[in-house]
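Per-entry structural report
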Amino acid sequence: MIGIVYLGNNPQTEERLKYIPGRLVQLTKTYKDAATACAPHVRNEHFLVFFEKNVRTEDITAITYLRKKCSNIYIILLTEPLSGEERDVYQKCGINDTLSVNASVTELNKKIQFISDRESIMFDDQVSKKHILHFKIPLWKRLFDIFFSGLAIIILSPVFIITAIAIKLESPGPVLFKSKRVGTNYTVFNFLKFRSMYSDAENRLKEVSKEAGNQYAEKEEPVEESHATITAPLGDEAEQAMLAMGMESDMMISDDEVMLVGDDFVVAESDFTKQKEEEINNAFVKIENDPRVTKVGRFIRKYSIDELPQLFNILKGDMSIVGNRPLPLYEAEKLTIDSSIDRFMAPAGLTGLWQVEERGKGGLMSAEERKQLDITYGRTYNFLLDMKIIFRTLTAFIQKENV
């Protein structure tokens, strides 16, 4: 709950503030007392300060002092109408808002309620920002990443050179493939790989997905036709939308079913929820026997050579050696619900828990299983677990499936 502080010497204002329902207003006479009253404590982290206008020079001193001492306050100036010059002066020294000095109890209470309802966006201070989830990589993990990636780049430099030449000889286009990926804290960065596909591969994704099949997509089940009638009358727009979809207006639904009516559709809430869940489950795109892959691409994918340029991402700090795989934008945008956020509150990595769990088994993994393993790693990772994953990656780096 936001704390309320009044700074001024107006008995009428003090009397009105005493009648604010459900609020205890601290009355102060000096700006130093007001600063003390606004010190954060257990119940109140933010404070709304009603500042009664007085002599301009004294007001500027008081407001400047409050701003310097308190980062968790929202100051409302109680005043008569201000001139343009006065308004500029008070805004520059730190006033957030103004209200009539003769505002009624109702008006004061409405202003307090308005600020309270928008507390998270009204207070631009570190107290608010500390509540935002933000992952910061531990020092031990960052030092290991720098050492390991730097050493690996030096040792594998001949492989880099040979692979680059092979890619250039087989097909035109750049050696490296850059794509926007979403990593830790939903940060977007340029993700590096050796190009393993033809240059127009991204443009053919939808076409190939239909022909080759998405490994993670669930099979569609036939939808039974409903024979129930809508007992409650629909409006003209809803009825027209139903007719446009070939639905009859005398169809029935159960009494407890909720219908969602959009600009061009009418759908049962349960069906809409199911559709959204399926979209989230099918967010990961992985295609078997992808015809967009070159011959060199198949080889470097089989032995994970295409992933080596990510060592530069790791050296730069975009990724870690071990973590959750960074996702393309079209996949990440479907994983923003509460149950998926935890996978992004962890390091983005070159290899991770789900890779070693399924890669060596040659089995298929559902999107939900993959997501849950990512969340598990984010909540439990430590140095020993990272070493275990690295060891298992080195022993199972040859993919059994041709993807």
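A short tour of the structure in this document, coming up. (Residues numbered from 1 in each chain as written. Predicted model: local features only at pLDDT ≥ 70, side-chain atom pairs only at ≥ 80, totals over all residues. Heavy atoms only, no water.)

Description of the overall build of the chain
The test is simple: The numbering of helices and of strands both runs from the N terminus, where a helix is a DSSP run of H or I of at least 4 residues and a strand a run of E of at least 2. Each residue's exposure class comes from its accessible area (1.4 Å probe, protein chains only) as a fraction of the maximum for that residue type: buried when under 20%, exposed when over 50%, partly exposed otherwise. In short, Shrake-Rupley with a 1.4 Å probe defines the accessible areas, and a residue's cover is counted only from the protein chains shown.
Along its length, the chain carries 19 helices and 12 strands. Evaluated residue by residue, the chain yields a buried proportion of 42% over its 403 residues. Working note: accessible area of the chain is about 23,500 Å², and carbon and sulfur atoms make up 56% of it.

Brief notes about the packing of aromatic side chains
Heads up, the rule is: For this analysis, a ring pair means two rings from Phe, Tyr or Trp (six-membered ring only for Trp) whose centres lie within 6.5 Å, classed as stacked if their planes differ by under 30 degrees, edge-to-face if by over 60, and tilted for the remaining angles.
Using the criterion set out here, one finds 10 aromatic pairs in the structure. Judged by centre distance (5.0 Å) and plane angle (55 degrees), the ring pair of Tyr 31 and Tyr 65 falls under tilted. Here Tyr 31 is found in helix α2 (residues 31-37), whereas its partner Tyr 65 is found in helix α3 (residues 56-69), with 34 residues between them in sequence. When its relative accessible area of 27% is taken as the criterion, Tyr 31 is described as partly exposed. Here the aromatic rings of Tyr 186 and Phe 344 are separated by 4.1 Å at their centres, their planes lie at 25 degrees, and the arrangement is stacked. Of this pair, Tyr 186 sits in the loop between β6 (176-182) and β7 (188-194) while Phe 344 is found in the loop between α16 (338-341) and β12 (349-351), placing the two residues 158 residues apart along the sequence. Looking at Tyr 186, the relative accessible area reads 26%, which means it is partly exposed. What makes Phe 344 buried here is its relative accessible area of 1%. Following the ring pairs from residue to residue traces out a cluster consisting of Trp 140, Phe 144, Phe 148 and Phe 383.

As for the sheet that holds strand β2 (residues 25-28)
Filter applied, for reference: Strand pairing is assigned whenever DSSP identifies at least 2 bridges connecting the two strands. Lines fitted to the C-alpha atoms define the axes, with helices restricted to the stretch that makes contact. Angles between their N-to-C directions range from 0 to 180 degrees.
Ordered in space as β2-β1-β3-β4-β5, the five strands form an open sheet in which the pairing is parallel. The sheet is open, and its two edges are formed by β2 and β5 (97-100), each paired on a single side. Across the sheet, the mean angle separating the axes of adjacent strands is 25 degrees when strand polarity is ignored. Note: strand β1 (residues 3-7) against β2, four bridges, orientation parallel.

Notes on the nonpolar core
Short version of the rule: Working definition of a nonpolar core: buried Ala, Val, Leu, Ile, Met, Phe, Trp, Tyr and Cys residues. They are joined through side-chain atoms within 4.5 Å. The contact definition used throughout considers only heavy atoms, calling two residues in contact when any of these lie within 4.5 Å.
Residues Phe 194, Tyr 377 and Ile 389 are the most contacted members of the largest nonpolar core, which totals 26 residues. Listing elements by their share of this core, those giving two or more residues are α8 (139-155), α9 (157-170), β7, α13 (295-302), α14 (310-316), β10 (320-322), α17 (353-358) and α19 (383-395). Other than its neighbours up to four places away in sequence, Ile 389 contacts Val 322, Thr 351, Gly 352, Leu 353, Val 356 and Tyr 377. Residues Ala 34, Ala 35, Leu 77 and Tyr 90 belong to the second largest nonpolar core, which totals 20 residues.

Quick look at the side chain of Lys 193
Here Lys 193 shows up in strand β7. Apart from the residues lying within four places of it in its own chain, the contact partners of Lys 193 are Val 175, Leu 176, Phe 177, Asp 306, Glu 307, Pro 309 and Gln 310.

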